[in-house]
Amino acid sequence: MDDNDQVIFYPNQGVDPHNRCCGGSMWCIQDICGIICAIFTWLLILYAEFVVTFVTLLPCPYPIFQCVNMVIFQIFAFLAMASHLRTMFTDPGAVPKGNATKEMIQHLGLREGQVIYKCPKCCCIKPSRAHHCSVCQRCIRKMDHHCPWVNNCVGEKNQKFFVLFTLYIAAMSMHALYLCVSQFVWCLHSEWKQCSWYTPPATVVFLIFLGFEALLFAIFTLVMFATQLQAICSDETGIEQLKKEEARWMKKSKWKSLQAVFGRVSITWLSPFSQPAPKIKVDNYLQV
């Protein structure tokens, strides 16, 4: 059976307090380490916003340079934050707990000799290419890895948002690094006169810290972005590559694999507000 024709069954069940909040209406992992990492990520973005806006751009005497770079940076920052929130609060493709019951197995209408797998940790019928996450306490379809920076697994339903998050953070970081260098050169050229609203020592501290942050995150997210694209194009998740699992599925071409994650080619590939239509049929009365 081809992956695109696969039918996965999920039973109705109560709200899992570990995975959901707001009365079960929103996916959110109740993990202290992940929540701290996510908040720290937001604080770093806010720090970059502060330094770029109030240390490098607003004191700039060149209106065109100021406006163009302000617009570019704010677009990158907004898209990075939106991508992070979508990754964090989107169900990555969790398989419901406890659906490996006799009744549910009978409902599947299995053919003679057909094998199904059961996860011993969350007692679910384990779909092909699903893996159990000890942090999420659920099996996740096409799980790539669990990322504490987004306090969620990266899986079938939110991989697009995670890829966009790494892309926009990398773009934002490189732009911030360029503005830091430009500001430092300008201050040296003007002998620190009227190049900043702050004292020279404070300005240097702000620029050095932002430069270090931008360089570190640019390298990290570019590597992660390239790794994600490689995994998508090879139709093999990070955890499958790590475990060197034998491919029991029909691998898609690179182009089909990209479309499976991002949807049909359009400007929406770059939008964290658009999600590709699912290609796996799910019975309505069996959804989470």
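Residues numbered from 1 in each chain as written. Predicted model: local features only at pLDDT ≥ 70, side-chain atom pairs only at ≥ 80, totals over all residues. Heavy atoms only, no water.

Visitor: How should the overall build of the protein be read in this particular structure?
Guide: The number of helices and strands found in the protein is seven helices and 11 strands. In the protein, of all internal contacts separated by at least 6 residues, the share reaching a separation of at least 24 is 69%. For the protein, the accessible surface area stands at approximately 15,400 Å², while carbon and sulfur atoms represent 67% of it. (Helix = DSSP H or I, 4+ residues; strand = E, 2+ residues; numbered from the N terminus. Contact = heavy atoms within 4.5 Å. Areas by Shrake-Rupley, 256 points an atom, 1.4 Å probe, with all protein chains shown as cover.)

Visitor: Honestly, the UniProt feature "transmembrane region" (unreviewed entry) in the protein in this entry has me stumped. Any pointers?
Guide: Here the UniProt-annotated "transmembrane region" (unreviewed entry) positions come out as residues 35-57, 63-82, 161-186 and 206-226. Between the end C-alpha atoms of residues 63-82 the distance is 28 Å, and the span holds 100% helix and 0% strand. From the first C-alpha to the last, residues 161-186 spans 37 Å; its make-up is 100% helix and 0% strand. (UniProt positions renumbered as here; feature names shortened; annotations may be inferred.)

Visitor: Just to check I follow, could you spell out the pairing of strand β7 (residues 130-133) for this structure?
Guide: Consecutive side chains along a regular strand alternate between the two faces of the sheet. Neither face of β7 is exposed, since A130 and H132 on one face and H131 and C133 on the opposite face are all buried. With four bridges connecting them, β7 and strand β8 (residues 138-141) associate as antiparallel partners. Each bridged residue has a counterpart across the sheet, and for A130 the counterpart in β8 is R141. With antiparallel pairing between neighbouring strands as the criterion, β7 and β8 make up a hairpin whose turn holds four residues, including Q137 at a positive phi of roughly 60°. (Buried < 20%, exposed > 50% of the residue type's maximum accessible area, 1.4 Å probe, protein only. Pairing = 2+ DSSP bridges.)

Visitor: I keep staring at the packing of helix α1 (residues 32-57) against helix α4 (residues 159-189) and nothing clicks. Help me out?
Guide: For any two helices packed against each other, one specifies the inter-axial angle together with the distance between the axes. One can describe the packing of α1 onto α4 by two numbers: an axis separation of 11 Å at closest approach and a directional angle of 30°. Considering only the axes of α1 and α4, their crossing is left-handed. Between α1, through T41, I45, A48, V52, V55, T56 and L57, and α4, the contact on the second element is made entirely by F165, I169, M172, A176, L179 and Q183. Of the residues belonging to the contact of α1 with α4, the class tally is 10 nonpolar, three polar and no charged. (Axes fitted to C-alpha atoms, helices over the stretch in contact; angles between N-to-C directions. Left-handed = near helix turned anticlockwise from the far one by under 90°. Nonpolar A, V, L, I, M, F, W, Y, C, P; charged D, E, K, R; others polar.)

Visitor: For this particular structure, what's the right way to read the packing of aromatic side chains?
Guide: The description of two aromatic rings rests on the distance between their centres and on the angle between their planes. Inspection of the entire model under this criterion finds 11 aromatic pairs. Connected via pairs of aromatic rings, a cluster forms that spans F50, F54, Y198 and F206. (Phe/Tyr/Trp six-rings, centres within 6.5 Å; stacked < 30°, edge-to-face > 60°.)

Visitor: Hey, could you run me through the environment of L164 in this one?
Guide: Its location among the elements puts L164 in helix α4. With relative accessibility at 2%, the residue L164 sits in the buried group. Along the backbone, L164 and W269 are 105 residues apart, and their C-alpha atoms lie at a distance of 8.7 Å. Those residues in contact with L164 that lie beyond four places of it in its chain are S83, W269, L270, S271 and P272.

Visitor: Help me understand the sheet that holds β7, please; the structure alone is not making it clear to me.
Guide: One key point about sheets: their strands pair by backbone hydrogen bonds, in either a parallel or an antiparallel sense. With respect to topology, three strands assemble into an open sheet ordered β4-β8-β7, the strand pairing being antiparallel. Each of the sheet's edge strands pairs with one partner strand only, and the pair in question is β4 (94-95) and β7. Sheet analysis places β4 next to β8, joined by two bridges and oriented antiparallel. Pairing of V95 across the sheet is with C139, part of β8.

Visitor: What am I meant to see in the environment of A82 here?
Guide: In this structure, A82 sits in helix α2 (residues 63-88). Overall, the relative accessible area of 10% leaves A82 in the buried class. Along the chain, A82 and Y168 lie 86 residues apart, while their C-alpha atoms are 9.9 Å from each other. Residues in contact with A82, not counting those within four places in the same chain, are P272 and F273.

Visitor: Just to check I follow, could you spell out a nonpolar patch on the surface for this structure?
Guide: A surface patch of nonpolar side chains, about 380 Å² in accessible area, is lined by I39, F40, L43 and L46. On the secondary structure map, I39 appears in helix α1. (Patch = residues over 30% accessible without salt bridge, like charges linked within 9 Å, V, L, I, M, F, W, Y side chains within 5 Å. Salt bridge = Lys/Arg side-chain N within 4 Å of Asp/Glu carboxyl O.)

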